[in-house]
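Analysis of the macromolecular model
Letter by letter, the chains look like this.
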Amino acid sequence: MPVFQAPPPKGLIKDTNNTIIPFEFYSEASNVRFADSAAKKIQGHDQVFGTPTVAPYFVLNWSYDVNSFWFYAGTAKIYRLSGTSTHTDFTRASGGDYSTNLTTVGNWTGTIYNGLPILCNGIDDPQALATTGASAFSDLPNWISNGTCKTIKAFGNYLMALNLTEGGTNLPNKVRWGDTAEDFNYPSSWTAAATNDAGAVTIGDEADEIIDGLALKESFIIYKGNSTWIANYIGGNLVFSFKKLFNDTGILTRNCVQEFEGKHFVVTQGDIIVHNGVSKQSVATNSIKKHLFDSISDQYYNLSFVTHNVQKSEMWFSFPSVGSQFCNKALIYNYVDGSFTFRDLPDIYHIGPGVVDPAATTNTWNNQTGTWTTTTGTYGDRQFNPTERSILFAGTSDTKLYRGDFGQQFDNENFITTVERKGLTLDGNNNTVKQVRKLTPRVKGTGTVNISVGSSMSPNGSYTFNASQSFDPNSQNKVDCRVTGKFIAVRFQHTSNSEFELNGYDLEYEVLGER
């Protein structure tokens, strides 16, 4: 009896007909990541750092001296998280609470400039920690009067403010940068003069507006709705040169670009691209692009964002699916092997990379009770573990902070891991009817996996699956079945609080005839 051997899994393809995609790719993948020639159950998340005082919309990690802090911003306030669960109000003292409908205007953006954190919501003045010892954020020092910007980003010793409103007039294509500054200082001026490097320019010859920007090696990339511009330092009176980089692609919304390995990963208005500041390439065409953009809420798409999960060599594009107000799904792209997969999210608005160490403490002069001779440890020792770099979820819906990529559960609840492949002809003939008799999975892990085999008589028809069978890889080696059709499907689902890994499978079948 012939045997079909599926090769080790490599990824997910949604936009191509199931009958022609390579056997190592799958038709469905949820809460799984493809790595090491396997489909592995994705790691979970758990609540850390106590309960936030306000619902977090945006998180930013800041490490200074021996301490590591997280700032989280809500609709009206900014809080600092220190140690394991100390939440301190860091909202500006002058100017009061922030009055922003973030679900309408889009989320906060953040940057670290000269070692100091800056947050911007696009409505209020950019918020900055004026000094390393400041007890609250304040309006950015020396910022222009009666002016705001949609986002502000660090570029070396420059700060680049994008899409400005000045004197009550929106200037959506204006870029303004401040004079250069050095460690732990902000620009002394934002107005061009013979004695400084500050300046401003209006870019664009089309109707689209500036949305975001991010440094890329020695350049600064400015993203509009349908085009992309590049700024390079040239010195002199002009300071920067500006020219159009791409005239047919921009960015979906704020926070939808991240840097990796000298390139930008960008979610545009209809594609996912990677570029190096010279040329671009779509990484989603023919695999996931159509399915992804059909899945994004057209009402709340502006809350989508990209996170660089450095430890896993991944880019996470988190988005609200159709019918959801919150980001409840993530498309994960592994930029080493080019694989895609999907993950469920706990109704969040942001994920920040940084030190996620629930055992960290905060060390200041004021909390010392010993003397130089009685205090243990070494002066300057970090109070956090720098190896505990991970990702932190801003759980907006349930007012929680989650440590990502941790454990085997979603906030102490089991979840479903699914990998499924449809459109298998087994013998390479679309016209023969096959009957599958046995499935032998190559599975690693503990707990059980539920396995189903299905079939269809047409390549685009509906599939009928047999009742799932529980399979224990530590005591069983096969699943018996009687499934008949021209096109075969297999489904693996894991729901236990344990690891799971699929390395492939074998299907034993018989050809019944040709129709």
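Residues numbered from 1 in each chain as written. Predicted model: local features only at pLDDT ≥ 70, side-chain atom pairs only at ≥ 80, totals over all residues. Heavy atoms only, no water.

Some remarks on the overall build of the protein
In terms of helices and strands, the protein carries two helices and 42 strands. By the compact-globule yardstick of 24 Å for 515 residues, the protein fits well, its C-alpha radius of gyration being 26 Å. Counting only C-alpha atoms and orienting by the principal axes, one finds that the protein spans roughly 85 × 65 × 35 Å. Scored against the burial criterion, the 515 residues of the protein give a buried share of 54%. In the protein, once contacts between residues fewer than 6 apart in sequence are set aside, the share between residues at least 24 apart is 61%. For the protein, the computed accessible surface area is about 21300 Å², with 44% contributed by carbon and sulfur atoms. Across the protein, the mean location of the 40 positive side-chain charges is 6 Å away from that of the 49 negative side-chain charges. (Helix = DSSP H or I, 4+ residues; strand = E, 2+ residues; numbered from the N terminus. Rg over C-alpha atoms; globule rule 2.2 N^0.38 Å. Buried < 20%, exposed > 50% of the residue type's maximum accessible area, 1.4 Å probe, protein only. Contact = heavy atoms within 4.5 Å. Areas by Shrake-Rupley, 256 points an atom, 1.4 Å probe, with all protein chains shown as cover. Lys, Arg positive; Asp, Glu negative; His and termini not counted. Charge placed at Lys NZ, Arg CZ, Asp CG, Glu CD.)

Considerations on the sheet that holds strand S21 (residues 219-224)
Pairing is antiparallel across the open sheet formed by four strands, whose spatial order is S20-S21-S22-S23. Where the open sheet ends on each side, the last strands, each with one partner, are strand S20 (210-216) and strand S23 (239-246). When the angles between neighbouring strand axes are averaged without regard to direction, this sheet yields 25°. (Pairing = 2+ DSSP bridges. Axes fitted to C-alpha atoms, helices over the stretch in contact; angles between N-to-C directions.)

Looking at the pairing of strand S41 (residues 487-494)
The element S41 is largely enclosed, with a buried count of six among its eight residues. Here six bridges tie strand S35 (residues 417-424) to S41, and the two strands are oriented antiparallel to one another. Its bridge partner lying in S41, glutamate 420 is registered against arginine 491. Taken together, the eight bridges between strand S37 (residues 449-456) and S41 define a ladder with antiparallel strand orientation. When the sheet's bridge partners are listed, asparagine 450 is paired in S41 with glutamine 493.

Considerations on the sheet that holds strand S34 (residues 400-404)
Sheet architecture is open: four strands sit in the order S7-S34-S33-S32, paired in antiparallel fashion. Whereas interior strands pair on both sides, the edge strands pair on one side only; in this sheet they are strand S7 (45-47) and strand S32 (350-355). The mean angle between the axes of side-by-side strands here comes to 30°, regardless of whether they run parallel or antiparallel. Pairing geometry for strand S33 (residues 389-395) and S34, over four bridges, is antiparallel. Bridging across to S34, glycine 395 finds its partner in lysine 400.

Looking at the environment of threonine 53
Note on placement: threonine 53 falls in the loop between S7 and strand S8 (58-64). Here threonine 53 falls in the partly exposed class, since its relative accessible area comes to 46%. Separated by 110 residues in sequence, threonine 53 and asparagine 163 have C-alpha atoms that sit 31 Å apart. The contact partners of threonine 53, leaving out residues within four places of it in the chain, are Tyr72, Tyr79 and His87.

Re the packing of aromatic side chains
Scanning the entire structure with this criterion turns up 30 aromatic pairs. A centroid spacing of 5.8 Å and a plane angle of 55° characterise the contact between phenylalanine 71 and phenylalanine 90, whose relative ring orientation is tilted. Linking phenylalanine 71 in strand S9 (residues 67-73) with phenylalanine 90 in the loop between strand S11 (86-89) and helix H1 (102-105), this pair joins segments that are 19 residues apart in sequence. The exposure class assigned to phenylalanine 71 is buried, which follows from its relative accessible area of 1%. Here tryptophan 177 and phenylalanine 242 contribute two aromatic rings whose centre-to-centre distance is 5.8 Å and whose plane-to-plane angle is 35°, an arrangement assigned as tilted. (Phe/Tyr/Trp six-rings, centres within 6.5 Å; stacked < 30°, edge-to-face > 60°.)

So, the pattern of salt bridges
One pass over the structure, following the stated rule, counts 25 salt bridges. Of the charged contacts, one joins lysine 153 and aspartate 212 as a salt bridge, the two residues approaching to 2.9 Å between their closest N and O atoms. Residue lysine 153 is located in strand S16 (residues 147-155), and its partner aspartate 212 is located in strand S20; the two are separated by 59 residues in the primary sequence. Accessibility assignment for this pair places lysine 153 and aspartate 212 in one class, buried. Among the salt bridges present, the one from arginine 176 reaches glutamate 166, with a minimum N-O distance of 3.0 Å. (Salt bridge = Lys/Arg side-chain N within 4 Å of Asp/Glu carboxyl O.)

Observations concerning the nonpolar core
If you look at the biggest cluster of nonpolar residues, it comprises 62 residues, and the most contacted ones within it are Phe265, Ile272, Phe317, Leu331, Phe492, Tyr505 and Leu507. With five residues, strand S42 (residues 500-514) is the single largest residue contributor to this core. Residues within four places of tyrosine 505 in sequence aside, it is in contact with Phe4, Gln5, Ala6, Tyr26, Arg421, Leu424, Leu439, Thr440, Pro441, Arg442, Val490 and Phe492. (Core = buried A, V, L, I, M, F, W, Y, C linked by side-chain atoms within 4.5 Å.)

A look at the state of the cysteines
Inspection of every chain in the model, using the stated rule, returns zero disulfides. For cysteine 120, which is in no disulfide, the shortest distance to another cysteine sulfur is to cysteine 149 and amounts to 4.1 Å. Take cysteine 327: it sits in no disulfide, and the sulfur closest to it among the cysteines is that of cysteine 256, at 8.9 Å. A relative accessible area of 0% places cysteine 327 in the buried class. (Disulfide = S-S within 2.5 Å.)

Section: unusual backbone geometry
Unlike most non-glycine residues, phenylalanine 49 shows phi in positive territory, near 65°. Here the phi dihedral of asparagine 146 falls at roughly 55°; this positive angle occurs in a residue that is not glycine. When you line up the elements, asparagine 146 lands in the loop between strand S15 (138-139) and S16.

Quick notes on the environment of serine 397
Residue placement: serine 397 occurs in the loop between S33 and S34. Between the C-alpha atom of serine 397 and that of serine 63, which follows or precedes it by 334 residues, the distance is 27 Å. In this view, serine 397 contacts Phe326 and Asp347; residues no more than four positions away in its chain are not counted.

Any functional reading would require information that these geometric values do not contain.
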